[in-house]
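# Reading the structure
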Amino acid sequence: MVVLLAEDDELILKTIEHKLKKEGFEVILTRNGQEAIELIRTQQMDLIISDIMMPFASGIEILAEVKQLERPIPIMMLSSMGQEDIVIEAFQLGASDYMIKPFSPNELILRINKLLNRP
């Protein structure tokens with residue numbers, strides 16, 4: 001299974017990448033929203049994990065791009081504390097789930113497995 005990980009915080013990016021690879025996922029990394037949108041348009045993926053606030057395009061803009069696809073892709077949004085209004089908007093636009101930073105990588109994997117119906 002292929003996961004697109006869009007996150008501009010290098011420590012969080014590398015931590016999630018390590019955990020996903022350990023769980024057997026193929027991971028495509030991007031550090032900004034515009035690059036994520038380009039990858040969504042050109043590559044197949046099974047899940048998107050995206051920070052809400054990123055350079056060049058936000059997680060909300062990524063959600064809007066995915067909404068236009070013929071094949072829906074589950075999207076896990078990551079946000080910092082105090083962004084409740086943005087999280088609500090993300091759910092209204094079709095986000096599958098979200099986690100507030102900081103979070104447990106183990107909980108992230110449990111939520112991903114549930115989204116993807118993996119044991």
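Scroll up to find the structure this text is about.
Structural notes, computed from the coordinates. Source: prediction; values computed, not measured.

### Digging into the sheet that holds strand S2 (residues 26-30)
In space, the 5 strands of this open sheet follow the order S2-S1-S3-S4-S5, with parallel pairing throughout. Taken across any chain shown, the strands that pair with only one partner, and hence form the sheet edges, are S2 and strand S5 (97-100). Across the sheet, the mean angle from the axis of one strand to that of its neighbour is 20 degrees, orientation sign disregarded. In this structure, strand S4 (residues 75-79) lies alongside S5, joined through 4 bridges in parallel fashion. Its bridge partner lying in S5, Leu78 is registered against Met99. Strands in contact with helix H2 (residues 33-42) are strand S1 (2-6), S2 and strand S3 (47-51); relative to S2, the strand with the most contacts, it is inclined by about 140 degrees. Along the sheet, helix H5 (residues 105-115) makes contact with S3, S4 and S5, crossing S5 at roughly 175 degrees.

### Concerning unusual backbone geometry
Of note, the amide linkage connecting Lys101 to Pro102 takes the cis form, showing an omega dihedral of -10 degrees. As for its placement among the helices and strands, Pro102 is situated in the loop between S5 and H5. At Phe56, a position not held by glycine, the phi torsion is positive, near 70 degrees. Along the chain, the position of Phe56 falls in the loop between S3 and helix H3 (59-67). The backbone of Asn117 shows a phi angle near 55 degrees, a positive value even though the residue is not glycine. Following the sequence through the fold, Asn117 ends up in the segment after H5.

### A few points about the pattern of salt bridges
The full count for this structure, using the stated rule, is 9 salt bridges. Measuring nitrogen to oxygen at the nearest pair gives 2.9 Å for the salt bridge that ties Glu10 to Arg31. Of this pair, Glu10 sits in helix H1 (residues 10-22) while Arg31 sits in the loop between S2 and H2, and the two are 21 residues apart along the sequence. When its relative accessible area of 37% is taken as the criterion, Glu10 is described as partly exposed.

Conventions used here
Residues numbered from 1 in each chain as written. Predicted model: local features only at pLDDT ≥ 70, side-chain atom pairs only at ≥ 80, totals over all residues. Heavy atoms only, no water. Pairing = 2+ DSSP bridges. Helix = DSSP H or I, 4+ residues; strand = E, 2+ residues; numbered from the N terminus. Axes fitted to C-alpha atoms, helices over the stretch in contact; angles between N-to-C directions. Contact = heavy atoms within 4.5 Å. Salt bridge = Lys/Arg side-chain N within 4 Å of Asp/Glu carboxyl O. Buried < 20%, exposed > 50% of the residue type's maximum accessible area, 1.4 Å probe, protein only.

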